[in-house]
Protein chains: 2
Amino acid sequence: MRISELSRRSGVATATIKYYLREGLLPPGRATAATQAEYGEAHVRRLRLIRALIGVRGLSVGAAKDVLDVISEGKSDTHELLGLVFGIWPSGDGGGKGTEEEGDGLGVDHLLAEMGWTVSEHNPAREVITRTLHTLNSLGVEYGWRELLPYAALAEQTATLDLDQLEGPDDPLEKAERAVLLTILLEPALLALRRLAQEAESTVRHRG
Amino acid sequence: MRISELSRRSGVATATIKYYLREGLLPPGRATAATQAEYGEAHVRRLRLIRALIGVRGLSVGAAKDVLDVISEGKSDTHELLGLVFGIWPSGDGGGKGTEEEGDGLGVDHLLAEMGWTVSEHNPAREVITRTLHTLNSLGVEYGWRELLPYAALAEQTATLDLDQLEGPDDPLEKAERAVLLTILLEPALLALRRLAQEAESTVRHRG
DNA sequence: GCAACTAGGCAGTAGCACTGTCTAATATAG
DNA sequence: CTATATTAGACAGTGCTACTGCCTAGTTGC
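All values derive from a computational prediction rather than experimental measurement.

1. Focus: the overall build of chain A
- Of the regular secondary structure elements, chain A holds 10 helices and two strands.
- Mapped in sequence order, the helices and strands of chain A form the string α-α-β-β-α-α-α-α-α-α-α-α.
- Projected onto its principal axes, the C-alpha coordinates of chain A cover approximately 65 × 50 × 35 Å.
- For chain A, the proportion of its 208 residues judged to be buried stands at 49%.

Next comes the structure, spelled out in structure tokens:
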């Protein structure tokens, strides 16, 4: 199919498709002439995935590209693949200025030790937690790794559920895509579930 | 203190402080003359909170204003207060076009019934979950409310932890701020914990 | 009395995510 | 074999957000 049909089938404007092609989010079609290219079902699918990452999860175009690059990497080793997926973070400024400051991390390492978690030194999630704890403390809320422990225990159960659902597809590409979808696309839904549960629990306590 | 000291103490440029004043995120200082105003500790604190909501959680200035408005509302009824807090969502486009479509919700109501949760019809979290499920299905992942159930059970435990930590402050303002901090500011950290747990769990399974 | 500071207003900027326009090259219908 | 439509690729322009700078008139501290 040509670009206009790809646009119609995916609901993305041709100008936008060209933009994604330029940015490398969408692989180029098979060129049949200087001004003609052929796109396939994979392109329709990829476009839908792009819109989901950007629209549903709220990733920037650049972050979405990082995610898609990981999928296209085609790593067959699940563990290695997940390492790449988990290294992606949306809150872009992660480390803008002064990344080398604060060697302590407010006990994040202690949290990991307590949970018995083995995690790469380079995982950006460490930074996110450290920064959150710092911010809470600077706002007068006494919060440290101890307070996070029960949440970590729940996160562990969540992760178990997550990984269970990655069993199945043997095709590396399919597996990578499923990992991305269930890890990244599910994030807003998990936060939404928490808010629903908060409201429900608040209602229960209020009635009591 | 005057604006320059407020700027120095908070680390926010005076031009930006004026911008927040214009946008209503920061209450005006006590005017002592036509070109002079007095700011207090509350302003320093509020500024830090603003930067945390925008910088750490990634809220837009508009969404941050909604949050701050809820805090300033000064609701003394905890349940009512939390209802306001939980009604805030960052993924701005929530309902851009065609909000009235899709009456089904892919069984979100069924999920709520199964969990025994009583939740306002108006809670934006419903929409978020519905949209996520729709998106997953359109991408070929068979996912419905049944698959979310175990996550909902974990979310319920999370919410219990959350509400336990809101016991304490009697002052409505303080309580509201704590609710906001522990609900909204903690969100990136909870997702980060999940990713850490995922990597750790993946490592364990890989070794096995 | 005079430099330094300030409130308020508004214009300008930078970055992001598109969106529109243009050119040269096909494609297709009649 | 024309006339009309479509396309790839390049690049300029747009709309929005979140500031940032500048100006004016007024105020403060020495």
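2. Quick word on the protein's contact with DNA strand D
- Neighbouring residues of DNA strand D: 23 residues in total, closest Ile3 and Ser4 of chain A together with Thr16, Thr35 and Ser60 of chain B.
- Backbone atoms, meaning sugar and phosphate, form 67% of the atoms of DNA strand D found within 4 Å of the protein.
- In this structure, a phosphate oxygen belonging to DNA strand D sits 3.0 Å away from a side-chain N or O atom of Thr16 of chain B.
- A distance of 3.2 Å separates a phosphate oxygen of DNA strand D from a polar atom in the backbone of Val61 of chain B.
- When residues in the surface near DNA strand D are grouped by element, the largest group, five residues, is from helix α2 (residues 14–23) of chain B.
- For the surface near DNA strand D, the per-class residue count stands at 10 nonpolar, seven polar and six charged.

3. Examining the pairing of strand β1 (residues 30–33) of chain A
- Sheet topology note: the β1 of chain A/strand β2 (residues 36–38) of chain A ladder contains three bridges and is antiparallel. For Ala31 of chain A, the partnering residue across the bridge sits in β2 of chain A and is Ala37 of chain A.

4. Section: the UniProt feature "domain: HTH merR-type" (unreviewed entry) in chain A
- Feature annotation in UniProt places "domain: HTH merR-type" (unreviewed entry) on residues 1–70 of chain A, given in this structure's numbering.
- Between the C-alpha atoms that bound residues 1–70 of chain A the distance is 26 Å, and the span itself is 63% helix and 10% strand.

5. Structural notes on the interface of chain B and chain A
- Counting residues at the interface gives 77 residues for chain B, matched by 77 residues for chain A.
- Taken over both partners, the interface formed by chain B and chain A buries close to 7600 Å², and the fraction arising from carbon and sulfur atoms is 67%.
- Summed over the shared surface of chain B and chain A, the result is eight salt bridges.
- As a salt-bridge pair, Glu167 of chain A and Arg205 of chain B come within 3.8 Å of each other at their nearest N and O atoms.
- Secondary-structure elements contributing two or more residues to the side of chain B that touches chain A are α3 (41–56), α5 (78–86), α6 (108–115), α7 (124–138), α8 (145–164), α9 (172–185) and α10 (187–207) of chain B.
- Looking at side-chain class alone, the side of chain B that touches chain A contains 42 nonpolar, 17 polar and 18 charged residues.

6. Topic: the protein's contact with DNA strand C
- Around DNA strand C, the structure places 24 residues, and the nearest of them are Thr16, Tyr20 and Ser60 of chain A together with Ile3 and Ser4 of chain B.
- By atom count, sugar and phosphate contribute 71% of the portion of DNA strand C lying within 4 Å of the protein.
- Note that a phosphate oxygen of DNA strand C is positioned 3.2 Å from one of the backbone N or O atoms of Val61 of chain A.
- Between DNA strand C and the protein, one listed contact pairs a phosphate oxygen with a backbone N or O atom of Ala37 of chain B at 3.4 Å.
- Of all the secondary structure elements, the ones that give two or more residues to the surface near DNA strand C are α2 (14–23) and α3 (41–56) of chain A together with α1 (3–10), α2 and β2 (36–38) of chain B.
- When residues in the surface near DNA strand C are grouped by element, the largest group, five residues, is from α2 of chain A.
- Considering only residue class, the surface near DNA strand C consists of 11 nonpolar, seven polar and six charged.

7. A look at the pattern of salt bridges
All names here are of chain B.
- Here the structure, examined in full by the defined rule, presents 26 salt bridges over all chains.
- For Arg45, the salt bridge goes to Glu177, with nearest N and O atoms at 2.6 Å. Residue Arg45 is found in helix α3, and its partner Glu177 is found in helix α9; the two are separated by 132 residues along the sequence.
- Overall, the relative accessible area of 14% leaves Glu177 in the buried class.

8. Digging into α9 of chain B
- When the terminal C-alpha atoms of α9 of chain B are compared, their 19 Å separation across 14 residues agrees well with the 20 Å that a helix rising 1.5 Å per residue should span.
- Judged by how many residues are buried, α9 of chain B sits mostly within the fold: 10 of 14 residues are covered.
- Considering only its buried residues, α9 of chain B is in contact with α7 (124–138) and α10 (187–207) of chain A together with α3, α4 (61–73), α5 and α10 of chain B.

9. Here we look at the packing of aromatic side chains
- Under the definition given, this model contains two aromatic pairs over all chains.
- Arranged with centres 5.7 Å apart and planes meeting at 40°, the rings of Tyr19 of chain A and Tyr20 of chain A form a pair that is tilted.

10. Here's the deal with α5 of chain B
- The set of residues buried in α5 of chain B consists of Leu81, Leu82, Val85 and Phe86 of chain B. With its buried residues spanning 130° around the axis, α5 of chain B presents them on a single face.
- Along its buried surface, α5 of chain B packs onto α10 of chain A together with α4, α7, α8 and α9 of chain B.

Procedures and definitions
Residues numbered from 1 in each chain as written. Chains lettered and ligands numbered in written order. Predicted model: local features only at pLDDT ≥ 70, side-chain atom pairs only at ≥ 80, totals over all residues. Heavy atoms only, no water. Helix = DSSP H or I, 4+ residues; strand = E, 2+ residues; numbered from the N terminus. Buried < 20%, exposed > 50% of the residue type's maximum accessible area, 1.4 Å probe, protein only. Near = heavy atom within 4 Å. Polar contact = N/O pair within 3.5 Å; in protein donor to acceptor, adjacent residues only side chain to side chain. Nonpolar A, V, L, I, M, F, W, Y, C, P; charged D, E, K, R; others polar. Pairing = 2+ DSSP bridges. UniProt positions renumbered as here; feature names shortened; annotations may be inferred. Contact = heavy atoms within 4.5 Å. Buried area = accessible area lost by both parts, 1.4 Å probe. Salt bridge = Lys/Arg side-chain N within 4 Å of Asp/Glu carboxyl O. Expected span 1.5 Å × (residues − 1). Phe/Tyr/Trp six-rings, centres within 6.5 Å; stacked < 30°, edge-to-face > 60°. Arc of directions from axis to C-beta.

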